[in-house]
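Residues per chain, in single letters:
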Amino acid sequence: MSVRGVKIASALCVEAAKPLSLCEAELIERARTEPQAFGNIYELYYSRILNYLYRRTLDVSIAEELTSNTFFKALRGLSKYRNRGAFGAWLYRIATNETKMHWRSQRNWHENNPQWQEEFCRIYFASHKMTAEEDEKEKMQRFAQLHASINSLLDRYQTVLVLRYFEEMQYDEIAKVLEKRIGTVKSLIHRGLKQLKRQMES
Amino acid sequence: MKGTDDIRQLLGQTPVPSVVEGQHREQLKEQLLQQIQISQRKKKNMSTWSLIMSMRIAKATAACLVATILVATGWGAEKVYQKLTGKCVVIERILVDEWTLPDGNKMYGMGIVGTIAASDDPKAVEDAKQQHEEVKNLIVQKEYELVKTVESGTGPKLYIYAFTLPSGDKINTNFTLPLENVSSWEEYLKKDEQQRKERLKEINKAISKGKFRLIDLDVLRLHVCREVDSNKILRVLRIILRDGNEMALAITDPADESKGYSQTSWQDHLQAIRNGKRELIDLDTIKNYTYEITLGDGSTTIFSHNGNPLKKSKE
């Protein structure tokens, strides 16, 4: 009769000069057995996932909750994750699914969400210069209006438009997140834009 | 894409908000790291306790199973012997092998050498001890007869010898080597150990070359309980005996310094939960994989273990 013992740790990522994807692959491999390594992955992706989820929900509390769900699911699925250099895409995919499940459980989600006004102190705009607080609020109102229009589209269009224009992902990155071909992604974006235009004009 | 240019422009020019991070970042990180530590501790506990196939076994074998569990949980062989004396007597020794599989996982193998008497009767224990000493003498005197050899499929070939004791009683005993090649019991033990280690090396080589196939898969379930009075955490394994009765083997958590085990019927265990003496907390499951391994000489052997399946290395 035999018993399985404790697994020995895998190789370390030691060369900073390596491309990020290669170092990340080693980090992920280590994360399967070393808490510290998973902590490093978490630090790499936390902000991106949190912001993505905020831009999908316009609610900081909900975004934080979905971020927690995303990382816990990633942790649970890490042993089965096949390390093909698309870990970020995998995380985004989990986050996207969390968003879908969240919307399914919400009623009247297409109505304006007043939450951003209550949480305004938790928001900032990195790419535009801040002048006065009113400017920030105007920016937020513009974004909220656009957000409401995007949210009225079918889920598949919402996702591609947010990933492309808010997350500023390239087509191949979006393709990895959605596990679709690049051509399909371009087509979805094009159709999503047309739908959005119709929505805004009506 | 003229029709959508204006929309693209709008999307490109609309400022995108970001979140000012608060306590959530650190809190979530802490929760995740805690979860990892809990999982690792759980995995380690499972790996050191695991084993056992869910097969119907005789009471004596069940008691030996206990020995296996206890050795695997870090009890010394001698302590196990003392604990088991009176329940299942191991006259000679409990063997524990430790080796590392090609994928880096450590393995523990256990064997029992000697005479086993599953009895609470002290006389039966004494008789078994005496019988064992007599067999050892007969080996030195080369007073035995080979009855047959058996290919067990799970280990080395077995040689069955008949001994006639001074009392006139005849007994048959299994050995893993031809007795003609040894001059004493001690020499037999030494050669048996050597053979065992060689076999493990051969198994390891075969595994590293991918010469194995999964032939059976089973799941063991353990109740994770808290003993209310002592506040100890127990893992309770259900063992089905050959006569159809079901036994509950409750083992204390390795973190518990007292370390022990208790044996009751499965019904008594369930009753203890209903009566509030044990609090049922969780269910642990352990997969047991049985492989047919093809050794270097072309022969096959059966190899079972728990935890994660063996992986074939990429060629």
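Procedures and definitions
- Residues numbered from 1 in each chain as written.
- Chains lettered and ligands numbered in written order.
- Predicted model: local features only at pLDDT ≥ 70, side-chain atom pairs only at ≥ 80, totals over all residues.
- Heavy atoms only, no water.
- Helix = DSSP H or I, 4+ residues; strand = E, 2+ residues; numbered from the N terminus.
- Contact = heavy atoms within 4.5 Å.
- Areas by Shrake-Rupley, 256 points an atom, 1.4 Å probe, with all protein chains shown as cover.
- pLDDT = per-residue confidence, 0-100.
- Axes fitted to C-alpha atoms, helices over the stretch in contact; angles between N-to-C directions.
- Parallel < 35°, antiparallel > 145°, perpendicular 65-115°, else oblique.
- Nonpolar A, V, L, I, M, F, W, Y, C, P; charged D, E, K, R; others polar.
- Left-handed = near helix turned anticlockwise from the far one by under 90°.
- Core = buried A, V, L, I, M, F, W, Y, C linked by side-chain atoms within 4.5 Å.
- Buried < 20%, exposed > 50% of the residue type's maximum accessible area, 1.4 Å probe, protein only.
- Phe/Tyr/Trp six-rings, centres within 6.5 Å; stacked < 30°, edge-to-face > 60°.
- Lys NZ or Arg CZ within 6 Å of the ring centre and 35° of its normal.
- Arc of directions from axis to C-beta.
- Pairing = 2+ DSSP bridges.
- Expected span 1.5 Å × (residues − 1).

A. The arrangement of the overall build of chain B in detail. In terms of helices and strands, chain B carries seven helices and 14 strands. Taking the contacts inside chain B whose residues are at least 6 apart along the sequence as the reference set, 52% of them involve residues at least 24 apart. Roughly 17200 Å² of accessible area belongs to chain B as shown, and the carbon and sulfur atoms make up 48% of that amount.

B. Just the confidence of the model for chain B, in detail. All names here are of chain B. Confidence along chain B averages 72 in pLDDT terms, with 63% of residues attaining 70 or more. Averaged over each element, pLDDT in chain B is lowest for strand β2 (residues 89–90) (46) and highest for strand β1 (residues 18–19) (93). Note that pLDDT drops below 50 for residues 70–91; the model gives that stretch 51 contacts with residues more than four away or on any other chain. We note a pTM of 0.47 for the whole complex and an ipTM of 0.80 for its interfaces.

C. Focus on the packing of helix α8 (residues 171–178) of chain A against helix α9 (residues 182–201) of chain A. Residues and elements named next belong to chain A. In the contact formed by α8 and α9, the axes pass within 9 Å of each other and the chain directions differ by 100°. Overall, the two elements α8 and α9 adopt an arrangement that is roughly perpendicular. Note on element contacts: α9 touches α8 through I182, V185, K186 and I189, opposite Y171, D172, I174 and A175. A breakdown of the residues in the contact of α8 with α9 according to their chemical character gives six nonpolar, no polar and two charged.

D. Region of interest: the packing of helix α3 (residues 60–77) of chain A against helix α4 (residues 87–105) of chain A. All names here are of chain A. Orientation of α3 relative to α4, taken along the N-to-C sense of each, is 130°, at an axis distance of 9 Å. By the angle between their directions, the pair α3 and α4 is classed as oblique. Pair α3 / α4 crosses with right-handed handedness. Residues I62, L66, N69, T70, F71, K73, A74 and G77 of α3 pack against W90, L91, I94, A95, E98, T99, M101 and H102 of α4. Counted by class, the contact of α3 with α4 contains nine nonpolar, five polar and two charged residues.

E. Geometry of the nonpolar core. With 66 residues, the main nonpolar core has A:Y54, A:F71, A:F87, A:M140, A:F166 and B:L11 as its most contacted residues. Looking at this core, the element that brings in the most residues is helix α2 (residues 35–57) of chain A, giving 11 residues. The contacts of A:F71, once residues within four sequence positions are left out, are A:F38, A:Y42, A:Y45, A:Y46, A:I49, A:L91, B:L28 and B:L32. In terms of nonpolar packing, the next biggest core, distinct from the first, is built from 16 residues, B:V135, B:L138, B:Y144 and B:F175 among them.

F. Representation of the packing of aromatic side chains. Tallied over the entire structure, the rule returns 14 aromatic pairs over all chains. Pairing A:F87 with A:W90 gives two aromatic rings, centres 5.4 Å apart and planes at 55°, and the pair type is tilted. Of the two residues, A:F87 and A:W90 both sit in helix α4, three residues apart, roughly one turn of that helix. An identical accessibility class is assigned to A:F87 and A:W90; each is buried. An aromatic cluster is present here, built from B:Y144, B:Y161, B:F163, B:F175, B:W185 and B:Y188 joined pairwise through their rings. A:R156 extends its terminal NZ or CZ atom over the ring of A:Y157, reaching a point 5.3 Å from the ring centre.

G. Structural view of helix α1 (residues 5–13) of chain B. What α1(B) keeps buried is the set B:I7, B:R8 and B:L11. Relative to the axis of α1(B), the buried residues are bounded by an arc of 100° and lie together on one face.

H. How the structure looks around the sheet that holds strand β8 (residues 170–175) of chain B. Residue and element names in this part refer to chain B. What the three strands build is an open sheet, ordered β6-β7-β8; its pairing is antiparallel. Every other strand in the sheet has two partners, leaving β6 (145–150) and β8 as the edge strands with one partner each. With direction set aside, neighbouring strand axes in the sheet form an average angle of 25°. With six bridges connecting them, strand β7 (residues 158–164) and β8 associate as antiparallel partners. Directly across from Y161, in β8, lies its bridge partner T173.

I. Looking closely at the side chain of A:T159. Topologically, A:T159 is positioned in helix α7 (residues 155–166). The residues touching A:T159, leaving out its near neighbours within four places in the chain, are A:Y52, A:R56, A:T96 and A:L178.

J. The arrangement of α7(A) in detail. All names here are of chain A. Here α7 spans 15 Å end to end across 12 residues, near enough to the 16 Å set by a 1.5 Å rise per residue. Every buried residue belonging to α7 is among Y157, Q158, T159, V160, L161, V162, L163, Y165 and F166, and all of these are buried. Phi turns positive one or two residues past the end of α7, at E168, with a value near 55°.

K. Spatial organisation of unusual backbone geometry. All names here are of chain A. Despite not being glycine, L58 has its phi angle at roughly 60°, a positive value. Tracing the backbone shows L58 in the loop between α2 and α3. Assessed through its relative accessible area of 3%, L58 is described here as buried. In this model, E168 sits at a positive phi of 55°, which is unusual for a non-glycine residue. Within the secondary structure, E168 sits in the loop between α7 and α8. Looking at E168, the relative accessible area reads 62%, which means it is exposed.

L. Looking closely at the confidence of the model for chain A. Residues and elements named next belong to chain A. Averaged over every residue, the pLDDT of chain A is 79; residues scoring 70 or more account for 78%. The spread of mean pLDDT over the elements of chain A runs between strand β1 (residues 2–4), the lowest at 30, and α7, the highest at 95. Note on residues 1–20: pLDDT is under 50 here. Beyond four places in sequence and across chains, it has 66 contacts. Confidence over residues 108–112 falls short of pLDDT 50; this stretch has five contacts with residues more than four positions distant or in other chains.

M. Broad picture of the pairing of β7(B). All names here are of chain B. Relative to β7, β6 runs antiparallel, the two sharing five bridges. Residue pairing in the sheet places T149 in a bridge with Y159 of β7. Where β7 hands over to β8, the hairpin turn is made up of five residues, of which G168 adopts a positive phi near 100°.

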